[in-house]
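Next come the chains, spelled out residue by residue.
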Amino acid sequence: EVFQQSSKAVCHYFNGTERVRLLEKHIYNRQLYVHYDSDLGYFVADSPMGESTARYWNSQPEMLEYRRSAVDTYCRHNYEVSTPFLVGRQ
């Protein structure tokens, strides 16, 4: 049997960087079990397996603060870096 753990961060941009949403998805054996939504500001369980993980991660203020700041350091930063290249290629 093979066990696989993965995560994926996705940024959604609305009207440039006026409104930015970060979704960080955590997947185990092809099943989404917990995700972070920057609009909510905390982790949400997507399956019974993710309930204890979400509860644990939400109890750590440093982890939540890091995720909240990722909207600027990850999403907005990458938008500014990528936009000149992407707009020029349309």
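Residues numbered from 1 in each chain as written. Predicted model: local features only at pLDDT ≥ 70, side-chain atom pairs only at ≥ 80, totals over all residues. Heavy atoms only, no water.

1. Digging into the UniProt feature "domain: MHC class II beta chain N-terminal" (unreviewed entry) in the protein
Applied cut-off: UniProt positions are given in the numbering used here, feature names are shortened, and annotations may be inferred rather than shown by experiment. For the purposes of this entry, the term helix denotes a DSSP run of H or I that reaches at least four residues, the term strand denotes a run of E that reaches at least two, and both are numbered from the N terminus.
If you check UniProt for "domain: MHC class II beta chain N-terminal" (unreviewed entry), the listed places come out as residues 9-83 in our numbering. In residues 9-83, the share of helix is 45% and the share of strand is 36%. The end C-alpha atoms are 18 Å apart.

2. Quick look at the pairing of strand 3 (residues 31-37)
Applied cut-off: When accessible area is computed with a 1.4 Å probe and restricted to protein chains, residues below 20% of their type maximum are described as buried, those above 50% as exposed, and intermediate ones as partly exposed. DSSP calls a pair of strands paired once it identifies at least 2 bridges connecting them.
Burial within strand 3 is extensive, with five of its seven residues counted as buried. With six bridges connecting them, strand 2 (residues 19-28) and strand 3 associate as antiparallel partners. By the bridge assignment for strand 3, Glu24 is matched with Tyr36. Two successive antiparallel strands, strand 2 and strand 3, enclose a turn made up of two residues, where Asn29 displays a positive phi of approximately 50°.

3. A word on unusual backbone geometry
If you check the backbone angles, Asn29 has positive phi at about 50° while not being a glycine. Residue classification places Asn29 among the partly exposed residues on the basis of a relative accessible area of 31%. Phi is positive for Arg30, which is not a glycine, with a value near 65°. Position of Arg30 among the secondary structure elements: in the loop between strand 2 and strand 3. Here Arg30 falls in the exposed class, since its relative accessible area comes to 80%.

4. Topic: the nonpolar core
What counts, and what does not: Here, nonpolar core refers to any group of buried Ala, Val, Leu, Ile, Met, Phe, Trp, Tyr and Cys residues whose side-chain atoms link them within 4.5 Å. Any two residues having at least one pair of non-hydrogen atoms within 4.5 Å are treated as being in contact.
Listed in full, the seven residues of the largest apolar core are Tyr33, Val34, Tyr36, Phe43, Ala54, Trp57 and Leu64. Counting residues per element, this core draws most heavily on strand 3, which supplies three residues. In contact with Ala54, not counting residues within four places along its chain, are Val34, Phe43, Val44 and Ala45. Counting six residues, the second-largest nonpolar core is a separate cluster that includes Val20, Leu22, Ala70 and Cys75.

5. Some points on the pattern of salt bridges
Oppositely charged side chains may form a pair once their charged atoms are brought near each other. Selection criterion: Definition used for salt bridges: Asp or Glu carboxyl oxygen within 4 Å of a side-chain nitrogen of Lys or Arg.
Counting across every chain of the model gives five salt bridges. Between Asp39 and Arg21 there is a salt bridge, and its shortest N-O distance comes to 3.5 Å. Of this pair, Asp39 sits in the loop between strand 3 and strand 4 (42-45) while Arg21 sits in strand 2; the two residues are 18 residues apart in sequence, bridging distant segments of the chain. For Arg67, the salt bridge is made with Glu24, and the minimal N-O distance between the two is 2.8 Å. Here the residue Arg67 occupies a position in helix 2 (residues 61-88), and Glu24 occupies one in strand 2, the gap between them amounting to 43 residues. For Arg67, a relative accessible area of 13% puts it in the buried group. Overlapping salt bridges bring together Arg19, Arg21, Asp37 and Asp39 as one network.

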